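One-letter residues, chain by chain:
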Amino acid sequence: MDEVRRSCKRPLLIASGILGFLLIVFGVVLIGLGITGFDFVVIGTIIAGVLLLLLLGVNHFLRNKRILCIALVLIALYLIIGGIIALPGIIGLTMIGLGIIAAILAVLCLDCF
């Protein structure tokens, strides 16, 4: 069982890093498109990506490894709720899709760590 847990950590960390990068890029694209009225969603998306990348950087030094899992759960909730309430249309669907990916990573993270 320990071998399975050890083997699933690296792909999970790589996928979380890619998700963090995508969140930052998505937020910057939303700023570039001039989406107004829901600035807290755009800024929150960038902050979520930066937080995810920072947690990946310090995850090796943390005593409790499940902080990354908790952050993924919170980011998933934020993206899904923000996609439903704040931004209708294709942008909202993209946020909901990223939230579902974050939720899947959170479940895998809770199983892995």
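See the structure shown above.
Here is what the cut-offs are and how they apply
Residues numbered from 1 in each chain as written. Predicted model: local features only at pLDDT ≥ 70, side-chain atom pairs only at ≥ 80, totals over all residues. Heavy atoms only, no water. Helix = DSSP H or I, 4+ residues; strand = E, 2+ residues; numbered from the N terminus. Rg over C-alpha atoms; globule rule 2.2 N^0.38 Å. Buried < 20%, exposed > 50% of the residue type's maximum accessible area, 1.4 Å probe, protein only. Contact = heavy atoms within 4.5 Å. Areas by Shrake-Rupley, 256 points an atom, 1.4 Å probe, with all protein chains shown as cover. Lys, Arg positive; Asp, Glu negative; His and termini not counted. Charge placed at Lys NZ, Arg CZ, Asp CG, Glu CD. Polar contact = N/O pair within 3.5 Å; in protein donor to acceptor, adjacent residues only side chain to side chain. Disulfide = S-S within 2.5 Å.

Caption draft 1: Examining the overall build of the chain more closely. Counting its secondary structure elements, the chain contains four helices and zero strands. From first element to last, N terminus to C terminus, the chain shows the α and β order α-α-α-α. Against the 2.2 N^0.38 benchmark of 13 Å for 113 residues, the chain shows a C-alpha radius of gyration of 14 Å, consistent with a compact globule. Principal-axis analysis of the C-alpha atoms places the extent of the chain at approximately 50 × 20 × 20 Å. Here the chain holds 113 residues, and the buried ones make up 37% of them. Taking the intrachain contacts of the chain between residues at least 6 apart in sequence as the baseline, contacts between residues at least 24 apart amount to 69%. Element-wise, carbon and sulfur atoms account for 76% of the exposed surface of the chain, whose accessible area totals about 6700 Å². Across the chain, 7 positive and 4 negative side-chain charges occur, with their mean positions spaced 8 Å apart.

Caption draft 2: The arrangement of the side chain of threonine 45 in detail. Along the polypeptide, threonine 45 turns up in helix α2 (residues 39-58). Note on threonine 45: relative accessible area 0%, which makes it buried. A polar side-chain atom of threonine 45 sits 2.7 Å from the main-chain carbonyl oxygen of valine 41. Leave out the neighbours within four places in its chain, and threonine 45 touches Leu23, Phe26, Gly27, Tyr78, Leu79 and Met95.

Caption draft 3: Molecular detail of the environment of valine 29. You can see valine 29 is positioned in helix α1 (residues 2-33). Residue classification places valine 29 among the partly exposed residues on the basis of a relative accessible area of 43%. Valine 29 sits 19 residues away from arginine 10 along the chain, and the two C-alpha atoms are 29 Å apart.

Caption draft 4: Main features of the state of the cysteines. Taken as a whole and assessed by the stated rule, the structure comprises two disulfides. Note on cysteine connectivity: cysteine 8 is disulfide-linked to cysteine 112, with sulfurs 1.5 Å apart. In this structure, the disulfide formed by cysteine 8 and cysteine 112 twists by about 120 degrees around the S-S bond and is classed as right-handed. In this pair, cysteine 8 is assigned in helix α1 and cysteine 112 in helix α4 (residues 90-112), connecting sequence segments 104 residues apart. On the basis of relative accessible area, cysteine 8 is assigned to the partly exposed category, the value being 27%. Note that cysteine 69 is cross-linked by a disulfide to cysteine 109, the S-S spacing being 2.0 Å. Note on the cysteine 69 and cysteine 109 pair: the S-S dihedral is about -70 degrees, so by sign convention the disulfide is left-handed. In this pair, cysteine 69 sits in helix α3 (residues 67-85) while cysteine 109 sits in helix α4, placing the two residues 40 residues apart along the sequence. Residues cysteine 69 and cysteine 109 agree in their burial class; the two are buried. Going through the chain in sequence order and numbering each bonded cysteine, the pairs you get are 1-4, 2-3.

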